[in-house]
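Here are the chains, one letter per residue:
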Amino acid sequence: MAGGDSINGNNGVTNGKAPIGGAQLEIDEDLHSRQLAVYGRETMRRLFASNILISGMQGLGAEIAKNLVLAGVKSVTLHDTGTVELWDFSGSFLSSEEDLGKNRALVSVPKLQELNNTVIISTITTELTKEQLSDFQAVVFTDISLEKAIEFDDYCHQHQPPIAFIKSEVRGLFGSVFCDFGPEFTVLDVDGEEPHTGIIASISNDNPAIVSCVDDERLEFQDGELVVFSEVLGMTELNDRKPRRIKNARPYSFTIEEDTSNYAGYERGGIVTQVKEPKVLKFKPLQQALKDPGDFLLSDFSKFDRPPLLHLAFQALDKFTVEVGRPPLAGSEEDAQKLIALLADINNSLPDGRLEEIDPKLIRSFAFGARAVLNPMAAMFGGIVGQEVVKACSGKFHPLFQFFYFDSVESLPTESVDPNDLRPLNSRYDAQISVFGSKLQKKLEDAKVFMVGSGALGCEFLKNVALMGVSCGDGGKLTITDDDVIEKSNLSRQFLFRDWNIGQAKSTVAATAASFINRRLNIEALQNRASPESESVFDDTFWENLSVVINALDNVNARLYIDQRCLYFQRALLESGTLGAKCNTQMVIPHLTENYGASRDPPEKQAPMCTLHSFPHNIHHCLTWARSEFEGLLEKTPTEVNVYLKKPSEYISAMKQAGDAQARDTLERVLECLDSDKCDTFQDCITWARLKFEDYFANRVKQLTYTFPEDAATNNGARFWSAPKRFPRPLEFSNQDLSHINFVMAGAILRAEAFGIPIPNWAKSSEKFAEAVDKVMVPDFLPKNNVRIVTDEAATSLATASMDDADVINELVMKLEACREKLAPGYKMNPIQFEKDDDTNYHMELVTGLANMRARNYSIPEVDKLKAKLIAGKIIPAIATSTAMATGLVCLELYKVIDGSHKIEDYRNTFANLALPLFSMAEPVPTKVIKYQDMSWSVWDRWILKGSPTLRELLQWLKNKGLNAYSISFGSCLLFNSMFPKHKERMDKKMVDLVKDVAKFELPPYRSHFDVVIACEDDEDNDVDIPQVSVYYE
């Protein structure tokens, strides 16, 4: 069999694991770049050396295995003695109808192996013995009796070194996790965040010393944290790299418990950096923790009393299963009552901490779903448990300590379900039916869903809805759209894609893969970007027929557009997003909740232009500048050249008409490209790149420090080069410095590409390239007087206007035209668009070189190419675990939306951070309601007027509502204003004709209405904000 699933006839075990500490595997940075952004190289290396056991391969085991295989652990061993049954299909995507009756672990191997062929996947199909656990760094059990779990956990706890033990269960809409990582487990990084830093402004000679920082950004330090100092001038005693504990942490200052009275006086400069301290956790073994669980991890403060009850409920369920030989049956009141009695017995036997009240309705729901593994719950808990395994193997992030219980009983239908409706129908959805009933199942199957995006979130959502049976009935349809294609970096978490799909349309590949999970899925894949331009595809009829919209997007603008469409058509929107180990979900429900766009994060703080160009003080500034220079030199200027060469006269007249500093700057760059900097041979490109090095990293710095010497003062007498400014030093080029050579090499190769010049084979040999660089003549530089360097932080452009811009432009045009006449017919350049994810194109080599040489000028710590790619490429850190959790949570809400009768208090928005771990669930914010007379409306309302009314009829219609309309507009065109006498002539014209004749708007054939904005007042002349009005015409 393929994929390491061969069976050893003696004991049903295969184990392809090699010992830890062998040859270090190279990390494929193209594949794992998004994951590396979360974990870093050291954690990834630890993962690559980790062997994991997953016991129980129903839905939860399948999800955990998927997440760990994508993460790239060394090996995953799947254990299950059971066989695939219909019941499994509501939870697991690893088996299909052809696998019925086959061993669950064995049938899971091929699909898991496809996700990552570097992971060794093996199986155990016989009963486990505790001795077998010694082969693993972490073991996960998803379907095990308490007695056996206690035996295995004791073995793992006492093993040297300890083996991380995780027990997790999903029972209907209830789930639990228990972690035991041994007597002493060291957490190397409790939150995964970058160490906080501050730029020092002053340090007092005091006991204790007060440290003040520049008010550029608030400090994030907490009392009791350790920090180290560096680059302090004057009080150099603090630069000893000794960690110091801080107190009295404030937004811009703190104190250190140190007497600095006799230290040298502080002069300037200095960086203070947080030291991340390891944390040792002492886990209790399961047997002890069951009796003394400590604090439960809460997820929902409205259910603060729920975890202690569920702690006993899961123990009672284990007792029931042992006694009866099976879990309680769905709809069986007898079984439910027996479970409640067992729970009461356990509660009464507690020496202390007894529960005063047991909620029988809740335990009844628990009993009815006890056998079902629902996909949304499996996805959610698969994310949580997968992350706990990563923590166990790496020490990265804070483990779950030690119990977590969760339920989503609000997902149940609001009307009580007839027990007969819970009975199995011999269908693949039987497990789900046992929880929700066949009526909701039918609604799910007939749902018409619009999914926007098929990346990481989209792949997970497609898998989830296929297993839930959403849009799998005769009346159902799922439409998915995504205009993106598959790249290699997608494969580490967008699990429906394979390496042979690279370059293909995401939506098409994802839809095909989802159809293999459930052949009944009615899905249409489109490649349209959901935007105003595609409204002929996603027209009114399309939107009006939808049941729900699921966003799987990665940018705010697209989310806002979909949000507006959902508001307009009054359709529920299920929104989610991830950032590294964090995820959030937001439910946007018509007439109940606020919409997505109602609350926005503050815009990201941008560094001032002058900081980026002349006064950088961190590597982010250097990389932002580097990316900007790359785009200017290799994309924007060559594009401008081509625009000019295509239509010279039109281009020149446009520039003359603009006649400003920006037009002058643009023309100067175009002229440079075609004249002084024009390259005809590869040696020309080397010369250009070598002179760029001199210009950027020597001459500009010499000019800057000539204009502002180290002792320069501002107008008010303060030191000019005070924090956060860093005084720069020019670089001297050396062909012995590989970073210098690599910069010039990347620059020359890309310049040659832009000019269409062949690149010789020797160009990529550092030695031969250095010889070619030595041939370049570099002119001496003399700094100039009266050079204006922008220091104003409010400035948005470096171009400075002057009185003679128009004359300079005329002169540039003459030179440009003279250059053009010398060019070959049809001459054009090749603009280069920045592409971060291709390691062979030299883009990141140039950007990293630009940033690091600049960092060297300013004594800023340099970064490697990966870190540069993450920052300059604006890569969003992403891992499979948080994505899985987010989509599981959303699909628990999807049950409520499709049921259609839940109140706002039943819905949940979630913010979670798997690194801490933190789960925060809360009711959505209600929509704001406007009341007027006996009417009320909200942002969700749109007033509709049918029958193609005239202007007079529209005004009368509003008058009947007690509203006097004084202004009606369509887009930016005013159709009516009561102040204009001539507008009264329009009274008997149909509104549709006014839109055509006055607004000159051609109504598209796929629309049957248009929208007008109407300003109204009441009879007392008070303005009344009314909803948008849609006027329908024949």
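Here the structure is a predicted model, which is why all the values come from computation and not from measurement. (Residues numbered from 1 in each chain as written. Predicted model: local features only at pLDDT ≥ 70, side-chain atom pairs only at ≥ 80, totals over all residues. Heavy atoms only, no water.)

In the contact formed by helix 17 (residues 619-646) and helix 21 (residues 738-755), the axes pass within 10 Å of each other and the chain directions differ by 30 degrees. Taken as axis vectors, helix 17 and helix 21 run roughly parallel relative to one another. Contacts between helix 17 and helix 21 involve F630, L633 and L634 from the former and L750, R751 and A754 from the latter. Residues belonging to the contact of helix 17 with helix 21 are distributed by class as follows: five nonpolar, no polar and one charged. (Axes fitted to C-alpha atoms, helices over the stretch in contact; angles between N-to-C directions. Helix = DSSP H or I, 4+ residues; strand = E, 2+ residues; numbered from the N terminus. Parallel < 35°, antiparallel > 145°, perpendicular 65-115°, else oblique. Contact = heavy atoms within 4.5 Å. Nonpolar A, V, L, I, M, F, W, Y, C, P; charged D, E, K, R; others polar.)

With that settled, the discussion passes to the confidence of the model for the chain. Residues of the chain with pLDDT of at least 70 account for 97%, and the chain-wide mean is 93. Overall, residues 1-23 carries pLDDT values under 50, and its contacts beyond four positions in sequence, including any with other chains, amount to 44 contacts. (pLDDT = per-residue confidence, 0-100.)

A few words on the pattern of salt bridges. Under the defined criterion, the tally for this structure stands at 70 salt bridges. Between R245 and E277 there is a salt bridge whose closest N-O contact spans 3.4 Å. With R245 in strand 11 (residues 244-247) and E277 in the loop between strand 13 (271-275) and strand 14 (279-281), this residue pair connects regions lying 32 residues apart in the sequence. The exposure class assigned to R245 is partly exposed, which follows from its relative accessible area of 38%. (Salt bridge = Lys/Arg side-chain N within 4 Å of Asp/Glu carboxyl O. Buried < 20%, exposed > 50% of the residue type's maximum accessible area, 1.4 Å probe, protein only.)

Side chains F919 and M921 of strand 23 (residues 918-922) all project onto a buried face; the interleaved residues L918, S920 and A922 project onto a face where none is buried. The sheet contact formed by strand 22 (residues 909-913) and strand 23 spans five bridges and is antiparallel. Within the sheet, the bridge partner assigned to N913 lies in strand 23 and is L918. (Pairing = 2+ DSSP bridges.)

Looking now at the pairing of strand 29 (residues 1009-1017). Relative to strand 29, strand 27 (residues 964-970) is paired through five bridges, and the arrangement is antiparallel. Within strand 29, the position partnered with S967 by the bridge is A1015. Taken together, the two bridges between strand 29 and strand 30 (residues 1023-1024) define a ladder with antiparallel strand orientation. The partner of C1016 across the bridge, within strand 30, is V1024.

By the definition in use, this model includes 49 aromatic pairs. By way of ring pairs, the aromatic residues F141, F152, F165, F174, F178, F296, F314, F366, F403 and Y405 are connected into one cluster. For K725, the ring lying beneath its charged end belongs to F615, and the centroid distance is 5.3 Å. Positioned above the aromatic ring of F720, the side-chain terminus of K725 is 4.7 Å from the ring centre. (Phe/Tyr/Trp six-rings, centres within 6.5 Å; stacked < 30°, edge-to-face > 60°. Lys NZ or Arg CZ within 6 Å of the ring centre and 35° of its normal.)

Attention shifts here to a negative patch on the surface. A cluster of acidic residues, D215, D216, E217, E220, D792 and E793, forms a negative patch on the protein surface. With respect to the helices and strands, E217 occurs in the loop between strand 9 (209-213) and strand 10 (226-230). (Patch = residues over 30% accessible without salt bridge, like charges linked within 9 Å, V, L, I, M, F, W, Y side chains within 5 Å. Areas by Shrake-Rupley, 256 points an atom, 1.4 Å probe, with all protein chains shown as cover. Lys, Arg positive; Asp, Glu negative; His and termini not counted. Charge placed at Lys NZ, Arg CZ, Asp CG, Glu CD.)

This part takes up the sheet that holds strand 2 (residues 75-79). One open sheet accounts for seven strands, arranged 3-2-1-4-5-6-15; its pairing is mixed. Each having just a single partner strand, strand 3 (120-124) and strand 15 (403-407) make up the two edges of the open sheet. The sheet shows a mean angle of 15 degrees between the axes of neighbouring strands, taken without regard to direction. Relative to strand 5 (residues 164-171), strand 4 (residues 138-141) is paired through four bridges, and the arrangement is parallel. The residue bridging V140 from the neighbouring strand is I166, located in strand 5. Its contacts with the sheet place helix 2 (residues 59-71) against strand 1 (51-55), strand 2, strand 3, strand 4 and strand 5, and it is angled at close to 165 degrees to strand 1.

Following the criterion strictly, the structure yields zero disulfides and no others. As a non-bridged cysteine, C179 has C393 as the owner of its nearest cysteine sulfur, 12 Å distant. Distance from the sulfur of C891, which forms no disulfide, to the nearest cysteine sulfur (C472) is 12 Å. On the basis of relative accessible area, C891 is assigned to the buried category, the value being 0%. (Disulfide = S-S within 2.5 Å.)

The eight strands are arranged 18-17-16-19-20-21-22-23 in an open sheet whose pairing can be described as mixed. Both edges of this open sheet fall to strand 18 (523-526) and strand 23, since each of them pairs with a single strand only. Taking the axes of each pair of neighbouring strands and ignoring which way they run, one obtains an average angle of 10 degrees across the sheet. Both strand 17 (residues 477-481) and strand 18 contribute to a ladder of four bridges, which runs parallel. The partner of T479 across the bridge, within strand 18, is E524. Against the sheet, helix 15 (residues 556-569) touches strand 16 (448-452), strand 19 (548-551), strand 20 (572-579) and strand 21 (582-588), its axis set at about 165 degrees to strand 20.

So, about the environment of N103. Its location among the elements puts N103 in the loop between strand 2 and helix 3 (104-115). According to the relative accessible area criterion, N103 is buried, its value standing at 13%. For the pair N103 and N117, spaced 14 residues apart in sequence, the C-alpha separation works out to 22 Å. Beyond its immediate stretch of four places on either side in the chain, N103 contacts D80, T81, G82, T83 and T125. From its side chain, N103 meets the backbone oxygen of D80 in a polar contact 2.8 Å long. Here the side chain of N103 touches A105 through a polar contact of 2.8 Å, landing on its backbone nitrogen. (Polar contact = N/O pair within 3.5 Å; in protein donor to acceptor, adjacent residues only side chain to side chain.)

Residues F911, L916 and L918 make up a contiguous nonpolar surface patch of about 220 Å² in total accessible area. When its relative accessible area of 35% is taken as the criterion, F911 is described as partly exposed.

With that settled, consider helix 24 (residues 843-857). Taking 1.5 Å of rise per residue, 15 residues should cover 21 Å, and helix 24 covers 22 Å from first to last C-alpha, within 8% of that figure. Most of helix 24 is tucked away, with 13 of its 15 residues classed as buried. (Expected span 1.5 Å × (residues − 1).)

If you trace the backbone, E953 turns up in helix 27 (residues 951-959). Expressed as a C-alpha distance, the spacing of E953 and K989, which sit 36 residues apart in the sequence, is 9.8 Å.

With respect to the secondary-structure elements, R986 resides in the loop between strand 28 (973-977) and helix 28 (991-997). Among buried Asp, Glu, Lys and Arg side chains, R986 stands out as unpaired, with E985 the closest opposite charge at 7.1 Å. Filtering out sequence-adjacent residues up to four positions away, R986 remains in contact with L951, L974, L975, F976, L994 and V998.

The next point concerns the environment of K996. The residue K996 is located in helix 28 in this model. Apart from residues lying up to four places away in sequence, K996 is in contact with F1001 and L1003.

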